[in-house]
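Commentary on secondary and tertiary structure
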Amino acid sequence: MQRGLAAFALLIAPVAASPALAQGSAQSEAEAIVLRPLSFFKVNDLDFGDIIPSNTAGTVTIGPDGSRSRTGGVTLAGDGGEPARFAGLGSFNRQVNISLGSNSIWLTGPGTRMRARTFEIGSTPTAILSTSPTRFRITSSLGNYNFPVGATLEVGANQAPGDYSGTFTITLNYL
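Here goes a summary of the coordinates provided. Please read all numbers here as calculations on a predicted model, not as lab measurements.

1. Here we look at the side chain of glutamine 159
- Summarising the element assignment, glutamine 159 is placed in the loop between strand E12 (144-155) and strand E13 (170-174).
- A polar contact is formed between the side chain of glutamine 159 and the side chain of tyrosine 164, at a distance of 3.2 Å.
- Glutamine 159 has contacts with Pro53, Gly111, Thr112, Met114 and Tyr164, leaving out every residue within four places of it along the chain.

2. What to know about the nonpolar core
- Phe119, Phe147, Val149, Phe168 and Ile170 are the most contacted members of the largest nonpolar core, which totals 30 residues.
- In contact with valine 149, not counting residues within four places along its chain, are Leu46, Pro83, Ala84, Phe86, Phe119, Glu120, Leu129, Phe168 and Ile170.

3. Overview of the pattern of salt bridges
- Here the structure, examined in full by the defined rule, presents three salt bridges.
- The partner of glutamate 154 in a salt bridge is arginine 115, and the shortest N-O contact between them spans 2.8 Å. Of this pair, glutamate 154 sits in strand E12 while arginine 115 sits in strand E9 (residues 114-121); the two residues are 39 residues apart in sequence, bridging distant segments of the chain.
- With its nearest N and O atoms 2.5 Å apart, the salt bridge here joins arginine 117 to glutamate 154.

4. Digging into the environment of arginine 70
- For arginine 70, the location among the structural elements is in strand E4 (residues 68-72).
- Taking relative accessible area as the criterion, arginine 70 reaches 43% and is therefore assigned partly exposed.
- Arginine 70 sits 19 residues away from isoleucine 51 along the chain, and the two C-alpha atoms are 9.5 Å apart.
- Apart from the residues within four sequence positions on either side, arginine 70 is in contact with Thr59, Val60, Thr75 and Leu76.
- Polar side-chain contacts of arginine 70 include one of 2.9 Å to the backbone oxygen of glycine 72.
- Reaching out from arginine 70, the side chain makes a polar contact with the backbone oxygen of valine 74 at a distance of 3.1 Å.

Definitions and cut-offs
- Residues numbered from 1 in each chain as written.
- Predicted model: local features only at pLDDT ≥ 70, side-chain atom pairs only at ≥ 80, totals over all residues.
- Heavy atoms only, no water.
- Helix = DSSP H or I, 4+ residues; strand = E, 2+ residues; numbered from the N terminus.
- Polar contact = N/O pair within 3.5 Å; in protein donor to acceptor, adjacent residues only side chain to side chain.
- Contact = heavy atoms within 4.5 Å.
- Core = buried A, V, L, I, M, F, W, Y, C linked by side-chain atoms within 4.5 Å.
- Buried < 20%, exposed > 50% of the residue type's maximum accessible area, 1.4 Å probe, protein only.
- Salt bridge = Lys/Arg side-chain N within 4 Å of Asp/Glu carboxyl O.

Below, the structure written as C-alpha cells:
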C-alpha cells in the first residue's frame with residue numbers, strides 16, 4: 001500500500017508543483033474612418049470648337065488648360081473650344097483613382113467619323129489618361145474637387161461639314 005501511495009504522490013507531484021495561473025487584462029482601441037460618399041458629375045463637355053478642314057488631314061488639340069492648337073491642314077475658326085470639366089465631393093486627403101473607359105473614341109456626324117485620342121487630365125503636372133488608373137488626392141479641406149480633361153481630335157482630309165459627337169467615360173474610385 002505504501003508503494004501505491006508513493007506512486008500516487010509521484011503522479012500528482014507535478015500538478016501540485018505547477019505555478020498558479022494569473023489573470024490579466026489589456027485594453028485596445030477600435031477605430032473606423034467614415035468617408036463622405038464620393039460624388040462626381042460633369043460640369044461641361046469637351047468641345048473642340050469650330051474648325052475648317054482642307055484637302056490635308058490634321059489635328060485639333062484642346063489642352064486641359066483650355067489652350068487650343070492645330071496641326072496639318074486644319075484651320076481654327078473663332079475662339080471656341082474648351083476642355084471637359086468634372087467636379088465632385090469626397091473626403092479631404094483621400095486618394096482617388098481616375099481612369100478612362102477607352103483610350104480613344106469616335107465622333108460621328110454627316111461625314112467620315114473622326115477619332116479623339118490622347119485624353120489628358122489637368123493636374124500638377126498634367127497626365128495622360130488611359131484605361132490604367134491615375135491617382136489624385138482630394139486636397140480641399142471641404143472635400144470638393146474639380147478637374148478638366150482635354151484631348152486631340154484627328155480631322156480627315158476634306159472632312160464633311162456638320163456637327164460630330166461621341167461619348168467617353170471617366171471612372172473614379174476611392175482608395
